[in-house]
Structures are given as structure tokens and as C-alpha cells.
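Residue strings, one per chain:
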Amino acid sequence: MNQEIDNVSKQTPHYIRLTAPEIAALWSQYQSDTMAICVYKYMLNIVKDASICPILEFAFKLAESHITKVKDYLSQDEFPIPHGFNEADVNLSAPRLFSDEICLTYTYLMAVNGMALYAGAIATAIRKDVRDYFIQCEDESMELFNQSIDLLLQKGFVSRPPYIYPRKEVEFIESKRFMGSFLGGKRPLSCIEISHVYWDLKKIQLSKAFTMAFAQVAQSKEVSKHLWRGVEIYTKQVEVMESILSQEQLSTPKSEEAEITNSTVAPFSDRLMMYHKTLFGSTTLSLYGTAIGSCQRADLSLHYARFMAELAQYMKDAFSLMIKNKWVEQPPMAEDREALATEQ
């Protein structure tokens, strides 16, 4: 243990070092929130609707406060402060790329992602102060979620999920035919399956819109080409999910593509946009994995498995492209014990 940590230990007899999962959550939060600061600086610069601005400002202030706290935690255990993203990654003079509506929708769905990520951080944290911190972050994300969805509903921007009608009595599954076949459903969707398909569709619609926006403003031709490939992947997946709902005469969420302007001036660096894409991709993969474990119709499991394979390969290629451009910041690593031993 180094001298500074020894000194902290003497002053605080029960001082407990951060565990690897706690460092992982804090380090990842630093990356995501420094990115969020750049995104919200730009959005606050272009949004004209006075009722949306306070919500974006709230999201911006939350990200700033998180960065301060993460720096304190990492410095105490003498971990270097990550590079993250900064003013070099945002161009505040860039013309409008997003409508006011999609800025609010983005905030709402990022709050949803935040609640899921903070729940995971809480579950893997051991130190009480770290748990308390992430519980506070969870509460803040819930507040941001409530504010954003309330305003979306007030303005009529949000599509309500489909309704279903109650049966007269409780029923039990009596046949394996309930699972259907890989070629077709053979039965209506359950409420659980509707929930997954509808909300996963809503999130990949937003991913598609942002990927399209990033592709049209990317400065590197290679990055633009890669991002447009993502648009094509999302287009196919959106079509499949929409067809699943439409075959059941169920409503689909409103598309977000029309909320992207025709600007070709980049508000963000290629590095930030590629990182943002990997963040969207990782959350989408986790959504698909959860859906596979919850949806009982065989054709849905097949669709989700194919979606995951397509997206995983796309993300692998994105990671390779980012490494090639030296855009990937390495997270804190375990010691290479063999290398330490052989160096002596």
C-alpha cells in the first residue's frame, strides 16, 4: 500500500479501499457523464422550448456533480483521473442537428438507462459510502425520468404502449404449443412479450436516429461509413419488431428519424460519437439478453438471438476502429502477476 493510503489508514482506522467493481462503476460513470456534459452543453445551446430547458439543465448539473464525486473517490485511492471527454469534443457553434422533441426524448431514455446502470452499481458495491452515493444517483435518475416523461406526456410527444383487455378468469398453460415454432408465433403475444418488443423498439428507434445523425456529420469517411452500417442494422431490426406488433394489430411507437435535421456540421468529435454508439450498443445488448430470458414464443427468441449476433459483431468492429484511432481509454486493470515475477 502506498504512503498516501497508509496516511489515510492511520487517520481513519477503518478505511476500506475501493473494490474492483466499485472502481469499474465509478470509472464508467466518469466516461459517460463527461460525455453527457458535452451533449447537454450542445443541446442547451440549440433548444428553444423554454419548458424543456430546465430538464436539460437538471441533467447537465447532475453529470457535473457526479464528476466531482468520482474524482474524489478515485483520488483517495490514488487512481488516475480518467481522460473522459472535454470541451475539445463539442462544437457549440454547430448548427441544430436535433429537434427540441428528440432532446427531451433522449433525456427520458438516458434516465431509464441510468436507473438500470445505477441499480447494478448498488448491487455490486460493498462500501456503505459508495452504496449511498449510487443510491443518491439512482434517486436523481428517477427524478430526471419523472420530469422528462411528464413533460413528454404533457406535450403529446410520447407514444403510449398498446392496451390489452382482461380475460374473465385466470388460465394456466396446458401445452408446449404455447411456445410456438421458430417459423411463426401460433398464438397472440403475452403482455410480457409486448412490453419487451415495444420498449426495445422504442429504444432502437432512438439509437437509429442518433446513429443517422452522427453518420451525416462525422468528419472521418471511415467513421461515417461504419455509422451508416449501424443505421442499416437498426433499420432491419426496427422493421422486424414493427411487423411483430402490427401482425397482432398492436400499435408501434413513433419514429424519431424526422427529428434529425439536415445539418452536416459535427457538434461532437468522432471519438465522442463512436463512444456514444458503443454505450447505446451495450445497453441494447443487455435489453436483448433480458428479452430472450423472458419471451416464451420461440420465434421471438430467434429474432432476439439474431439481433444480438448482428449487434455484437458491429460493436466488435466499432471497438477495432476506435483502437485504430487511439480513441479507447483503458480502464484500471488487475496486476499481471506473471510479468511482475519475471521482471525481477
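Scroll up a little and you will see the structure.
Residues numbered from 1 in each chain as written. Predicted model: local features only at pLDDT ≥ 70, side-chain atom pairs only at ≥ 80, totals over all residues. Heavy atoms only, no water.

Here we look at the packing of helix α2 (residues 20-46) against helix α4 (residues 100-124)
For the record, the criterion: Here, axes are lines fitted to C-alpha atoms. For helices the fit covers the stretch in contact, and angles between N-to-C directions go from 0 to 180 degrees. Each helix is a run of DSSP H or I of at least 4 residues and each strand a run of E of at least 2, with the numbering of both proceeding from the N terminus. The cut-offs work like this: below 35 degrees is roughly parallel, past 145 is roughly antiparallel, 65 to 115 is roughly perpendicular, and the gaps in between are oblique. Contact between two residues is taken to exist if any of their heavy atoms lie within 4.5 Å; hydrogens are not considered. Gly falls in the polar group here, along with every residue not listed as nonpolar (Ala, Val, Leu, Ile, Met, Phe, Trp, Tyr, Cys, Pro) or charged (Asp, Glu, Lys, Arg).
Closest axis-to-axis distance for the α2/α4 pair is 12 Å, and the angle between their directions is 170°. Classified by the interaxial angle, the pair formed by α2 and α4 is roughly antiparallel. On α4, the residues touching P21, A25, Q29, D33, M35, V39, Y40, M43 and I46 of α2 are D100, C103, Y106, T107, Y118, A121 and T124. Grouping the constituent residues of the contact of α2 with α4 by class yields eleven nonpolar, three polar and two charged.

Considering unusual backbone geometry
Most peptide bonds take the trans form, and the phi angle of most residues other than glycine is negative. For E78, which is not a glycine, the phi torsion comes out positive at approximately 60°. You can see E78 is positioned in the loop between α3 (53-76) and α4. Of note, the phi angle at Q249 is positive, near 55°, even though the residue is not glycine. Residue placement: Q249 occurs in the loop between α7 (221-247) and α8 (270-294).

Side note on the pattern of salt bridges
Spelled out, the test is: Here a salt bridge means any side-chain nitrogen of Lys or Arg lying within 4 Å of a carboxyl oxygen belonging to Asp or Glu. A simple rule labels every residue: compare its accessible area, found with a 1.4 Å probe on the protein chains alone, to the largest value its type can have, and call it buried under 20%, exposed over 50%, or partly exposed in between.
For the structure on display, the rule yields 15 salt bridges. Between K324 and E222 there is a salt bridge, with the nearest N and O atoms lying 3.0 Å from each other. On the criterion of sequence distance, the pair formed by K324 in helix α9 (residues 298-324) and E222 in helix α7 is long-range, its members being 102 residues apart. Owing to a relative accessible area of 54%, K324 belongs among the exposed residues under this scheme. When salt bridges that share partners are traced, they join E57, K61 and E64 into one network.

Coordinates in, geometry out; function isn't part of it.
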